[in-house]
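Below, each chain spelled out in residue letters.
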Amino acid sequence: MAPDPVDSASGRPDVSRSLSERLGEIVGSSHVLTDADAMAGYLTDWTGRWTGSAVAVVRPLTADEVAAVVGLCADEGIAICPQGGNTGLVGGSIPPADASTPAIVLSTARMTDIDEIDTVGRSVGVQAGVTLAALDARASSAGLRFGVDLASRESATLGGMVATNAGGTRMIRHGNTRSQLLGIEAVRADGQILRRWRSLVKDNVGYDVPGLLAGSEGTLAVITRVLVRLVPTTGATVVFVAAIDDVSVALALIDAVSDAGLTTEAAEIMTQAGVDLVHDHGVRRPVSSPAQFYVLLEVSGPHDAEDVVLQVLDGQPGVVDAVVEPGPARDLWLVRESHTESIARSTTTPVVKLDVSVPLRALPAAFAELAAIADDDDCRPILFGHVGDGNIHVNLLDVAEESVESLTDRVFRVVSAHGGSISAEHGIGRAKVAWTGLGRSAVDLDTMKAIKTALDPAGLLNPGVLFE
Ligand SMILES: Cc1cc2nc3c(=O)[nH]c(=O)nc-3n(C[C@H](O)[C@H](O)[C@H](O)COP(=O)(O)OP(=O)(O)OC[C@H]3O[C@@H](n4cnc5c(N)ncnc54)[C@H](O)[C@@H]3O)c2cc1C
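Parameters and conventions
Residue positions are given per chain, counting from 1 as you read along its sequence in written order. Residue-level local features of this predicted model are given only where pLDDT is at least 70; pairs of side-chain atoms are given and counted only at 80 or more, and the full residue set underlies all totals for whole chains, interfaces and linings. With hydrogens and water excluded, all non-hydrogen atoms of the structure serve as input to the side-chain values. By this definition, two strands are paired if DSSP reports at least two bridges between them. Segments assigned H or I by DSSP are reported as helices when at least four residues long, segments assigned E as strands when at least two residues long, and all are numbered from the N terminus. We call two residues contacting when some pair of their heavy atoms lies within 4.5 Å. For helices, the axis comes from a line fit to the C-alpha atoms of the stretch in contact; other axes are also lines fit to C-alpha atoms, and the angle between any two N-to-C directions lies between 0 and 180 degrees. Given the number of residues in a helix, its expected span is that number minus one, multiplied by 1.5 Å. Burial classification: accessible surface area is computed with a 1.4 Å probe over protein chains only, and a residue below 20% of its type maximum counts as buried, one above 50% as exposed, and the rest as partly exposed. We call a pair of cysteine sulfur atoms a disulfide when they lie within 2.5 Å. For this purpose, a residue is taken to be near a molecule or strand whenever a single non-hydrogen atom of the residue falls within 4 Å of it. Throughout this description, a polar contact denotes any pair of N or O atoms lying within 3.5 Å of each other; where both atoms belong to protein, one of them has to be capable of donating a hydrogen while the other can accept it, and for residues adjacent in sequence the pair is counted only when both atoms sit in side chains. Only the protein chains shown count as cover for residues, and all accessible areas are computed by the Shrake-Rupley method using a 1.4 Å probe. Any residue outside Ala, Val, Leu, Ile, Met, Phe, Trp, Tyr, Cys, Pro, Asp, Glu, Lys and Arg is labelled polar, Gly included; the first ten of those are nonpolar and the last four are charged. For every residue, the predictor states its confidence as a pLDDT score lying anywhere from 0 to 100. Where each domain begins and ends is defined by an automated method or by a domain database. Defined here as a combined quantity, buried area equals the accessible surface (1.4 Å probe) lost by two parts on assembly, summed across both. Salt bridge, as applied in this entry: a Lys or Arg side-chain nitrogen positioned within 4 Å of an Asp or Glu carboxyl oxygen. Working definition: rings of Phe, Tyr and Trp (its six-membered ring) pair if their centres are within 6.5 Å, and the pair is stacked with planes under 30 degrees apart, edge-to-face with planes over 60 apart, and tilted otherwise.

Chemist: In this structure, what is going on with the sheet that holds strand β1 (residues 32-33)? I would like to understand it.
Modeler: Remark on secondary structure: sheet strands pair via backbone hydrogen bonds, oriented parallel or antiparallel. The strand order across the open sheet built from four strands is β1-β2-β4-β3, with neighbouring strands paired in mixed fashion. Pairing within the sheet leaves two strands with one partner each, and these edge strands are β1 and β3 (79-83). Across five bridges, the pairing between β3 and strand β4 (residues 103-107) is parallel. For Gln83, the partnering residue across the bridge sits in β4 and is Ser107. Running over the sheet, helix α3 (residues 63-76) touches β2 (56-58), β3 and β4 and is turned about 170° from β4.

In structure tokens:
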């Protein structure tokens, strides 16, 4: 970064030059956007529910540039909202509209380097702005892939996935994003570059700093590069969708395929309303008989996995109808993966999206109670989720603005009563910030706040996210 010009009268650096000019000296002026039209796409989130304001959108290329941008913002008291693919569903990638502190959006869109793959240790380092799809495309050339998969794979970035500790459809098999993380490079609020970078699966020297930044939602540091493990691409799989009359049948099927010697690669649940909705948007119905719920399982195993699946389905009470196909069975997956998109296109108001989890034993009751809340309030509920992880995506359509808060609160109270979590995988963002304390003790919350204060004493990293 070029040194600041010196004011001839005082001999001190001339800080009066506009912020955008100084940011431009760091990243190149064409990568500092200040024009309202150019910034618009960075200031509204994927759901359309969150629109913010910023003095500039800054698009650095390297960790050094990020460090210089963060350092300048620290000096000038400017807040920073890190943004990856902007596919987050809780408003965390958008600065607030009415903030007292001016903010920039720091976009990682240009940070797309992928290192050479370590095929022995099965790991790779990537810059924060690499999309999941780009990582998978590169890893597949080595017969590997990333262990986490999301329907937003074309846009979601590794930096965003680590920052939200994304879960996704393969979590039941390989764990969440935190479990894939071996090392991290990140810029702290004071502009220093923190690097913990060893492709070791065992490293117990002190605190798990990469693990701490996973799920921190841009509030502790700006992630610039991550070192992640890769997993072998799955061989042949079998995918089935079963129409079932109760959520408990989905859980029984997961146990049954495991007891029969198969490995569950993914286990998803949908409802009749959701399958009808995606069908209205041109997606085929998976089976002809209607049922209250549909479970999609992808399994791997021995050569005769398809026969084993047929036997399992045959012996499972509560299965109304089923279809079995060899993987990847993209048409069957499309039924599940089209939910988020179809929901976004069907609601008359911004969708109230609440991503929650409950213990598996409570799942059937929680599904029933959550659907009943929406019925009471006259909005349209679409529930689906990663059933093997106890994760329900509660989507409430056509919710009047004045009912958003009370409905959200009712959903979270149901979840909390079952010992669940108000954020299974999307994070807290701005959407759930009023409820961060629900289900966390005062000491637990205090500990989180102490970490935040230690790493970001001026509160400039994503203010208003995670904590009010
Ligand atoms: C169709 C669809 C399907 C989805 N399915 C799933 C799913 O199955 N499971 C799941 O977990 N999520 C899912 N999501 C949500 C979303 O894709 C994930 O949360 C994803 O991890 C966000 O990545 P991103 O790059 O878009 O991050 P963004 O949306 O840009 O940001 C998300 C958060 O991370 C922070 N952040 C981003 N980059 C950085 C960085 N470099 N350093 C520090 N903080 C950063 C932001 O400030 C923000 O708080 C889905 C979204 C869509 C639209």
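Chemist: How do you make sense of α3 when you look at a structure like this?
Modeler: At 3.6 residues per turn, the α-helix brings residues three or four places apart onto the same side. Spanning 14 residues, α3 covers 20 Å between terminal C-alpha atoms, matching the ideal 20 Å at 1.5 Å per step. Among the 14 residues that make up α3, ten are buried, leaving the element largely enclosed by the rest of the structure. Along α3, the residues that are buried comprise Ala63, Glu65, Val66, Ala67, Ala68, Val69, Val70, Gly71, Leu72 and Cys73. The positive-phi residue at the C-terminal boundary of α3 is Gly77, with phi of around 70°.

Chemist: Looking at this structure, how should I read the state of the cysteines?
Modeler: Put plainly, two cysteines are in a disulfide when a covalent bond ties their sulfur atoms together. Counted according to the given criterion, the structure contains zero disulfides. Free cysteine Cys81: the closest other cysteine sulfur is in Cys73, separated by 12 Å. We classify Cys81 as buried; its relative accessible area is 2%.

Chemist: Just checking my understanding: could you explain the site of the ligand for this structure?
Modeler: The immediate surroundings of the ligand are formed by 36 residues, with Pro82, Thr87, Gly88, Ser152 and Thr157 found nearest. At a separation of 3.3 Å, an oxygen atom of the ligand approaches a polar backbone atom of Glu217. Between the ligand and Ile223, the relevant distance is 2.9 Å, taken from a nitrogen atom to a main-chain nitrogen or oxygen of the residue. Protein burial of the ligand: of its 970 Å² of free accessible surface, 97% is covered by the chains. Secondary structure elements with two or more residues in the shell around the ligand: β3, α5 (158-164) and β9 (221-229). Here the element with the most residues in the shell around the ligand is α5; it accounts for five residues. Looking at side-chain class alone, the shell around the ligand contains 13 nonpolar, 21 polar and two charged residues.

Chemist: Could you clarify how one ought to interpret unusual backbone geometry in this entry?
Modeler: Apart from glycine, the bulk of residues carry a negative phi angle, and the bulk of peptide bonds sit in the trans form. The step from Gly327 to Pro328 runs through a cis peptide bond, and the omega angle for that step is 5°. Checked against the element boundaries, Pro328 lands in the loop between β14 (319-326) and α12 (330-337). The backbone of Asn86 sits at a positive phi, close to 60°, despite the residue not being glycine. A relative accessible area of 11% means that Asn86 is categorised as buried.

Chemist: Would you mind showing me how to read the confidence of the model for the protein here?
Modeler: Looking at the protein as a whole, its pLDDT mean stands at 94, while 97% of the residues score no less than 70. Here residues 12-16 scores under 50 on pLDDT; set against residues more than four positions off or in separate chains, the count is twelve contacts.

Chemist: Would you explain the domain arrangement of the protein in this entry?
Modeler: Interfaces are frequently sized by the accessible area removed from exposure as the parts join. For the protein, the assigned domains are domain 1 (19-107), domain 2 (123-232), domain 3 (237-337) and domain 4 (347-428). Its C-alpha centre places domain 1 at a distance of 22 Å from the equivalent point of domain 2. In this complex, domain 1 contributes 16 residues to the contact, which on the side of domain 2 involves 15 residues. Together, the buried faces of domain 1 and domain 2 total about 1000 Å²; carbon and sulfur atoms form 71% of this surface. Run the count over domain 1 and domain 2 and you get zero salt bridges. Seen at the junction of domain 1 and domain 2, the total is one residue pair in polar contact (both at pLDDT 80 or more).

Chemist: When you look at the packing of aromatic side chains in this model, what are you seeing that I'm missing?
Modeler: Note on aromatic pairs: each is described by the distance of the centres and the angle between the planes. Here the structure, examined in full by the defined rule, presents two aromatic pairs. Measuring from ring centre to ring centre gives 5.6 Å for Phe293 and Phe367, while their planes differ by 85°; the resulting arrangement is edge-to-face. Of this pair, Phe293 sits in strand β13 (residues 293-300) while Phe367 sits in helix α14 (residues 363-377); the two residues are 74 residues apart in sequence, bridging distant segments of the chain. A single burial state applies to Phe293 and to Phe367, both of which are buried. Relative to Trp435, the ring of Phe412 lies with its centre 5.3 Å away and its plane at 80°, an arrangement referred to as edge-to-face.

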